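For reference, the chains in residue letters:
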Amino acid sequence: MSIRIGVIGTGWIGEQHVHRLTNVIAGAEVVAVSDIDLELAAKVGASAGARVVDTAEKLIGDPEVEAVVVTSWGPAHAEQVLACIEAGKPVFCEKPLTTDAADGRRIMDAEQAFGRRLVQVGFMRRYDAGYRQMKRVIDEGGIGTPLIAHCVHRNAAVRESYTTEMAAKDSAVHEVDALRWLLGEEFASVQTVLPRRTAKRFEHLRDPQIFLFETASGARVDVEVFVNCQYGYDIQCEIVGEEGAVRLPDPAAPAVRAAGRVSVPVLHEFGDRFTDAFDVELQEWVGRVAADEVPLGPSSWDGYAATVVTDAAVQSLHSGVIVPIDLGERPALYA
Ligand code: NAP
C-alpha cells in the first residue's frame, strides 16, 4: 500500500518532488496538491493524477492525505508545518523550516507536546553519496580530529531577484547544515567578509561573500559563496584533520584528452548535481512514514539551528563584526 501524500506548493521544486514521488519513489502516491496559483497546481496535479485542493489548510486536514510535503515559499512554511503537527501528520518541509528563529522554537514546542518527531527538513546534501563518504571517513577517525573546513558554493549566475542576504539564507545554509552534520557539533560564531564585488552581474548584489564560522570546539569553517562565477555550478568541500584531510569527490565525468589538453566538464545547473540526493532523501522519508517510524533525516532542531546561524551571518554582513551564535538548550527529543 502506498503512502498517500499531499504536496503544498507546486513551483520549481514542488513540481520536481511531485514527479519524483510519482515516478521514482516506491511506496508513495501524490493524491492532492495545493498552491496559491491554482492553475499551476492543476497542471502539476494532473501529471500525477492528483486532486487540487484550494488551500494548504484544507489539504493538511484532508482525510485522504496521510503525510505532507511542503514546497511553498519559505515564509509560509512555519504555519503549514505547525498545522501538520496539529493534525498529527508526518511532514517533509523543504528548507528553510522557518524564516524566523522564534517560529522554529514554536515548531519544536509543538512536536515535543505531540511526543514524537513528525518533521523532516529538506537538507538533501546529507543524502549525497560524496558527502556520505566524507562523513564515514570522519566518523571512523580516518583524518583524526577535524580542525578546518574549506567550502566553495558557486553558481554560474543567478536571477535579478536574488538578494545579498540570500547568499547566507539560501546558499550557505546548505553548507551550514552539511558542516554541522559532518563535524557533529554546533557553530559558535560567524563573520561575513566581503571581497571586491564582481562586475559581471547586478549592481544591487554583494557577490562573492565569505563566511567564517567557528565551531563550539574551536574548529574553523570558511564558506565562499559566489553565485555569478560564470563557469558553472561548483560545490567543493575539504575537511582537514590532525592526521589527514578528506575532500568531497567531484561528480563523475569523463576526462577528454584532445588538442593538447585534458578537460573535464563542470556541471551547469544545481538540479543536475543533487538529483540522486533528492531521490534517496525522499525514498528514505517515505519508507519511514510507511513503517510508522520517526524520520531519520534533519530535524526541527536542525532547521532551527540553520535559521539562527544564517540570521547571525546576515547580521554580520551588515555590521562587519564577529557575531556570536547562541542556539539555547537542545530539547531531548532531538538528542
Ligand atoms: P517557487 O518556484 O517560487 O515555488 C513556490 C510555490 O509555492 C509557488 O508556486 C508559490 O506561489 C507557492 N506558494 C507561496 N505561498 C504559498 C502558500 N501559502 N500556500 C501554497 N503555495 C504557496 O520556489 P521553489 O524554488 O520551488 O522553492 C520552494 C521552496 O523550496 C523554498 O523554500 C526553497 O528554499 C526550497 N528549495 C530547496 C532546495 C534545496 O536545495 N533543498 C532547492 C530549491 C528550492 P506564487 O509563486 O504564486 O507565490
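Residues numbered from 1 in each chain as written. Predicted model: local features only at pLDDT ≥ 70, side-chain atom pairs only at ≥ 80, totals over all residues. Heavy atoms only, no water.

Asks: Kindly report on unusual backbone geometry, identifying the contributing residues and their values.
Replies: The omega torsion across Lys95 and Pro96 is -5°, close enough to zero to call that bond cis. Looking at the secondary structure, you find Pro96 in the loop between strand S5 (91-94) and helix H5 (101-114). That bond from Asp207 to Pro208 is cis: its omega, 5°, falls within 30 degrees of zero. Within the fold, Pro208 resides in the loop between strand S8 (187-193) and strand S9 (209-215). Of note in this structure, Gln230 is not a glycine but carries a positive phi near 80°. What makes Gln230 partly exposed here is its relative accessible area of 44%. Even without being a glycine, Ala259 presents a positive backbone phi close to 50°. Residue placement: Ala259 occurs in the loop between strand S13 (256-258) and strand S14 (261-263). (Helix = DSSP H or I, 4+ residues; strand = E, 2+ residues; numbered from the N terminus. Buried < 20%, exposed > 50% of the residue type's maximum accessible area, 1.4 Å probe, protein only.)

Asks: Residues and numbers for the domain arrangement of the protein chain, please.
Replies: In terms of domain boundaries, the protein chain breaks down into domain 1 (3-125 + 276-306) and domain 2 (129-268). Across the contact, 11 residues belong to domain 1 and 14 residues belong to domain 2. Interface area, domain 1 with domain 2, both sides summed: about 1,100 Å², of which 51% is carbon and sulfur. Looking only at domain 1, the three residues that lose the most surface to domain 2 are Lys95, Phe123 and Arg125, adding up to 60% of its buried area. One can count 3 salt bridges joining domain 1 with domain 2. Between Arg125 and Glu175 there is a salt bridge, with its nearest N and O atoms 2.7 Å apart. Joining domain 1 to domain 2, the criterion identifies 5 residue pairs in polar contact (both at pLDDT 80 or more). (Domains from an automatic or database assignment. Contact = heavy atoms within 4.5 Å. Buried area = accessible area lost by both parts, 1.4 Å probe. Salt bridge = Lys/Arg side-chain N within 4 Å of Asp/Glu carboxyl O. Polar contact = N/O pair within 3.5 Å; in protein donor to acceptor, adjacent residues only side chain to side chain.)

Asks: Please set out the site of the ligand residue by residue, giving values where relevant.
Replies: Taken together, 23 residues sit near the ligand, with Trp12, Ile13, Asp35, Glu94 and Lys95 positioned nearest. Take Ile36: an N or O atom from its main chain is 3.4 Å from a nitrogen atom of the ligand. Between Trp73 and the ligand, the recorded distance is 3.4 Å, taken from a side-chain N or O atom to a nitrogen atom. Look at the ligand: alone it shows 910 Å² of surface, and the protein chains cover 74% of it. Elements that contribute at least two residues to the shell around the ligand include exactly helix H1 (12-23), helix H4 (74-86) and helix H8 (270-290). (Near = heavy atom within 4 Å. Areas by Shrake-Rupley, 256 points an atom, 1.4 Å probe, with all protein chains shown as cover.)

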